[in-house]
Amino acid sequence: MSLADFADRVNAFLYRQHIRRLTVDEIESAQEWSLKLIRRENPDWSEEQIDAFYENLLHVQIIAVDEWTRRMS
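Residues numbered from 1 in each chain as written. Predicted model: local features only at pLDDT ≥ 70, side-chain atom pairs only at ≥ 80, totals over all residues. Heavy atoms only, no water.

## Quick word on the packing of helix 2 (residues 24–41) against helix 3 (residues 47–58)
- Contact geometry of helix 2 with helix 3 gives a least axis separation of 10 Å together with a crossing angle of 125 degrees. The angle between helix 2 and helix 3 falls in the class oblique. Between helix 2 and helix 3 the crossing geometry is right-handed. Contacts between helix 2 and helix 3 involve Gln-31, Ser-34, Leu-35, Ile-38 and Arg-39 from the first element and Glu-47, Ile-50, Asp-51, Phe-53, Tyr-54 and Leu-57 from the second.
- Looking at the contact of helix 2 with helix 3 residue by residue, the class counts come to 6 nonpolar, 2 polar and 3 charged. (Axes fitted to C-alpha atoms, helices over the stretch in contact; angles between N-to-C directions. Helix = DSSP H or I, 4+ residues; strand = E, 2+ residues; numbered from the N terminus. Parallel < 35°, antiparallel > 145°, perpendicular 65-115°, else oblique. Left-handed = near helix turned anticlockwise from the far one by under 90°. Contact = heavy atoms within 4.5 Å. Nonpolar A, V, L, I, M, F, W, Y, C, P; charged D, E, K, R; others polar.)

Structure, rendered in structure tokens:
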């Protein structure tokens, strides 16, 4: 197993653990807040553009970066 594979697996595990702790109210609140922020920062966007942007945010891949390895490779 490479270091990148290990980092991916650790990130996925931590993400699932974090999301599992959220209540339905917290998830809905986060969604409302995100949509309000997108609308405020992009007043000329249509609802379709806002929804598409929000959906893309949900699929952003979050990864930990090992700075030492990144600098040395």
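Having put the structure on the table, let's press on.
## Looking at the pattern of salt bridges
- For the coordinates displayed, the defined rule picks out 2 salt bridges.
- Here Glu-47 makes a salt bridge to Arg-39, at a shortest N to O gap of 3.0 Å.
- Residue classification places Glu-47 among the partly exposed positions, given a relative accessible area of 42%.
- Since its relative accessible area comes to 34%, Arg-39 is described here as partly exposed.
- Between Arg-40 and Glu-41 there is a salt bridge; the shortest N-O distance is 3.0 Å. (Salt bridge = Lys/Arg side-chain N within 4 Å of Asp/Glu carboxyl O. Buried < 20%, exposed > 50% of the residue type's maximum accessible area, 1.4 Å probe, protein only.)

All we've got here are geometric facts, nothing functional implied.
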